[in-house]
Structure formats: C-alpha cells, structure tokens
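Chain and residue survey
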Amino acid sequence: MQAYLECRRTKRTSASAQAFEAMAEHNLYQLFEELASDAWQPGPSVCFVITHPKPREVWAARFRDRIVHHLLYNHIAPRFHARFVADSCACIPGRGTLYAAQRLEHQVRSITRNWSQPAHYMKCDLANFFVSIDKTVLLEQLQRQVAEPWWMSLAETILMHDPRQDVEVRGSRAELALVPPHKSLFNAPADHGLPIGNLSSQFFANVLLDDLDQFIKHRLRAPHYVRYVDDFILLHQSPQWLNQARVQIEQQLASLHLQLNPRKTILQPVARGIDFVGHLLKPHHRITRRRTVRMAMARLQDMPREDLHASANSTFGLLRQATHSHQDRALLGQLMRRRGLVIAGDMTKVFQPKGNP
C-alpha cells in the first residue's frame, strides 16, 4: 500500500493511475497474490521520444509494475544509500540537482580558499550510459548487498527483464528517427541497457556507479568530487594530477564495461566557470544555465494561458535555486506581467488576477 501511494503521488491524473485506483483494493490484493506466489512478471511497456533538452527514448512500465519498482526500492535502497558516498547525487532522498550544485560550490570554495587561489576541474561524462550498462555486472553488485532470497529474486526479475519483447511504441517515425541509433535501447546487445524512465533504472544506475565513487574517493583519494548520474567532476590544484586520474578512471570504468565520452571530457581552470546540473558556477556566484533560461522564456512566451500559471511558478522555483537570480526573475516577471498575471513583490511566484480562472 505504501508503494502504491508513493507511485501515484505525482501521477494521479494519468489514465493508468485512475484505472488502477478505480478498483484499488482488488488490484492491490491481486498484485500481492502474484508476488507472494512468485507468479509476478513485468508486463508491457510504452516507449516514446522526448526532444527536450535532446532527443531520447523514454520507457514507461505499466502502473502496476511501477508499484513493484517502488516496493523493491523501499526495501533495499536504504542499505545502499548508507554506503553511498556523500558526493553521489540523483535518486537519493535529499540529493537532487540543488544538492549537487551546492555540494560542488562548497568544494570549489574549499579548494580555491574562497576563490583566492587557482584550481582546475575535470568534468566527465559516460558514453551512452544507460544503453551501455551490462546487467550481469550490475547483478553481481546487487548480490553483494541483498542476501534475502525473495528480494534478490525480485530484483533480478526487474533488472533482467527485456522491455523490448513487449512494447507499444508511440510517436511518429520522424520522432523516433531523432534518437541516434547508438543511444537507442532497441539496438543494445542482449543483457545490456536499462530503460530510461523507471525508478528501478535510476536506482540500479547508482548501484553500478558506486564502485566508481568508492574508487575515486578511496583509491585515488580525491577529496573534491561530485557525481550526478553519469556526469561527474573532480577538482584539483594540478591539471597533471587530473590527467593521471583520468587514465586510472578509464581503467576502473573498463571493469564495469563502461567508458568515458572523450568529446564531453573537459579540463580547465575553475575561474572560467563550471556548467553542472543546470547551474553555472562562477567566482562568488551561481546562476541558472543561460540556455535553460532562454528556452524557458521562449516556452512561456507562447504557452496557452491555461497552462501558464503552473509553468511560470515552476520556472520561478527553478530560478530561485541559484544564489544570484534577481535579474532572471525580473525578466520572467516582466514577461508574466505582459501576459496578464500578477507578480509577487519579491518576484518568487505569480498569481491569477481576480476574476480569471
């Protein structure tokens, strides 16, 4: 029941959640019976393409299967979270993009003595991460921590399930063609790749990369390091040390059957600014990434009026995460005034004018 409530929390208006809720007691009891008798198997998935911020496939499991993902996560995740390093972010309670940005900002201030001394950063990205994940390697990592046979069997069933065998593809051929072939799960080798979009995939990705985190923190002894999913940053006074660390990191990644994306590996002084998790970290201030602000403004400019109120407040919430966002919030406020909304005096939210729905 707890897994069900968590699963529907942000999806209650979706058709699949409402269909399940219409007979919630019956459906939950049936799901319980299947799990208790080891008869449960993942059902069909839906695959579609999103184009923002770049084209990628999203795989959505059916609602009852997502409940099982939450059930597994609720039971086994705490033991993994307890061993994760503090610099690992994403799909961990309290460690979202804001935590990652603040963590990086703290570490930059530490290594540069509050921006008074030079330092360098190396930003890395894993090539085709979710499609490249070797499930057999991940299964071994899960077996190290999950000793209960029933829970390990459930984890293995979810992990080794191949959603390509039973999938409904939504969208036009033109949309599907936007995804590069090497980034499509349809082209992944057998027992490789996790579907982007499921809670289980995000959690499993963190389990896999915990070996990398432990290697960087305890073998390389890198005191200044932050990772958000497959993007990670190391800080050091010496660029030579960072280059040597990259060689060792590539060797460690090879043992996980992963590799760096050489086109997205950056080494430069921190004084030039660091673009990470939607934030741009500059000396003594942190702002929202410029491209993110431009795209948000363009989207709100042409958005239907009925959707404008919620989207504008969401954008204000995003901008407030930055330490220096007054100018961006002022521009957003001016745009919302032109579109007929009322702006709070501190430029943190918008309201519908009286008499409007």
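Before reading on, note that the structure itself is shown above.
Being a predicted model, the structure only gives us computed values, none of them experimental.

**Some details on the overall build of the protein**
Scanning the protein for helices and strands turns up 14 helices and 13 strands. Rg of the C-alpha trace for the protein: 22 Å, near the compact-globule value of 21 Å for 357 residues, within the 12% margin. If you line up the protein on its principal axes, its C-alpha atoms span 65 × 60 × 40 Å. By residue count, 46% of the 357 residues in the protein fall in the buried class. Residue pairs in contact within the protein that sit at least 24 positions apart in sequence constitute 70% of those at least 6 positions apart. Charge-centre separation for the protein: the mean point of 45 positive side chains lies 11 Å from the mean point of 32 negative side chains.

**Quick look at helix α14 (residues 326–338)**
Taking 1.5 Å per residue as the helical rise, α14 with its 13 residues ought to reach 18 Å, and the 18 Å between its terminal C-alpha atoms agrees with that figure. The complete set of buried residues in α14 reads D328, R329, A330, L332, G333, L335 and M336. Two residues or fewer after α14 comes G340, characterised by a positive phi angle close to 95°.

**Digging into the sheet that holds strand β3 (residues 88–89)**
With mixed pairing, the five strands of this open sheet are ordered in space as β3-β6-β7-β4-β8. Of all strands in the sheet, those bounded by a partner on one side alone are β3 and β8 (266–269). Note: strand β6 (residues 225–228) against strand β7 (residues 231–236), four bridges, orientation antiparallel. Across the sheet, the residue bridging to Y228 is D231, located in β7. Strands in contact with helix α10 (residues 199–219) are β3, β6 and β7; relative to β6, the strand with the most contacts, it is inclined by about 170°. Across the sheet, helix α11 (residues 239–255) lies against β4 (120–125), β7 and β8, angled at about 140° from β7, the strand it touches most.

**Topic: the nonpolar core**
Ranked by size, the top nonpolar core spans 60 residues in total, and within it I216 and F232 carry the most contacts. Here this core takes nine residues from α10, the largest share from any one element. Filtering out sequence-adjacent residues up to four positions away, F232 remains in contact with M122, K123, C124, L126, L212, I216, Y225, V226, R227, I249 and L260. Core analysis: the next-biggest nonpolar cluster, separate from the first, contains 17 residues, C89, A100, A101 and Y121 among them.

**Here we look at unusual backbone geometry**
A positive phi angle is found at R113, which is not glycine, with a value near 50°. Topologically, R113 is positioned in the loop between α5 (97–111) and β4. Even without being a glycine, W115 presents a positive backbone phi close to 65°. Counting through the fold element by element, W115 comes out in the loop between α5 and β4. Judged by relative accessible area, which is 15%, W115 ranks as buried.

**Observations regarding a positive patch on the surface**
Residues K54, K183, R263, K264, R291 and R294 make up a contiguous surface patch of positive charge. Here K54 is to be found in the loop between β1 (45–50) and β2 (56–61).

**So, the pairing of β2**
One ladder, built from six bridges, connects β1 with β2; its direction is antiparallel. Directly across from I50, in β2, lies its bridge partner R56.

**A short note on the pattern of salt bridges**
As enumerated under the stated definition, the model contains 16 salt bridges in all. Of the charged contacts, one joins E34 and R64 as a salt bridge, the two residues approaching to 3.2 Å between their closest N and O atoms. Here R64 lies in helix α4 (residues 63–83) and E34 lies in helix α3 (residues 24–36), a separation of 30 residues in the sequence. Overall, R64 belongs to the buried group, its relative accessible area being 13%. Here the salt bridges share partners, and the residues they tie into one network are R8, R12 and E21.

**Regarding the environment of R299**
Along the chain, R299 turns up in helix α12 (residues 290–302). The class of R299 is partly exposed, set by a relative accessible area of 41%. Residues R299 and T288, spaced eleven residues apart in sequence, show a C-alpha to C-alpha distance of 16 Å.

**Brief notes about the side chain of R95**
Tracing the sequence through the fold places R95 in the loop between β3 and α5. At 7.6 Å, D213 is the nearest oppositely charged side chain to R95, a buried residue that forms no salt bridge. Within the structure, R95 has its side chain in polar contact with the backbone oxygen of V85 (distance 2.8 Å). Those residues in contact with R95, other than ones at most four positions away along the chain, are F84, V85, A86, S88, C89, A90 and Y228.

Calculation criteria
- Residues numbered from 1 in each chain as written.
- Predicted model: local features only at pLDDT ≥ 70, side-chain atom pairs only at ≥ 80, totals over all residues.
- Heavy atoms only, no water.
- Helix = DSSP H or I, 4+ residues; strand = E, 2+ residues; numbered from the N terminus.
- Rg over C-alpha atoms; globule rule 2.2 N^0.38 Å.
- Buried < 20%, exposed > 50% of the residue type's maximum accessible area, 1.4 Å probe, protein only.
- Contact = heavy atoms within 4.5 Å.
- Lys, Arg positive; Asp, Glu negative; His and termini not counted.
- Charge placed at Lys NZ, Arg CZ, Asp CG, Glu CD.
- Expected span 1.5 Å × (residues − 1).
- Pairing = 2+ DSSP bridges.
- Axes fitted to C-alpha atoms, helices over the stretch in contact; angles between N-to-C directions.
- Core = buried A, V, L, I, M, F, W, Y, C linked by side-chain atoms within 4.5 Å.
- Patch = residues over 30% accessible without salt bridge, like charges linked within 9 Å, V, L, I, M, F, W, Y side chains within 5 Å.
- Areas by Shrake-Rupley, 256 points an atom, 1.4 Å probe, with all protein chains shown as cover.
- Salt bridge = Lys/Arg side-chain N within 4 Å of Asp/Glu carboxyl O.
- Polar contact = N/O pair within 3.5 Å; in protein donor to acceptor, adjacent residues only side chain to side chain.

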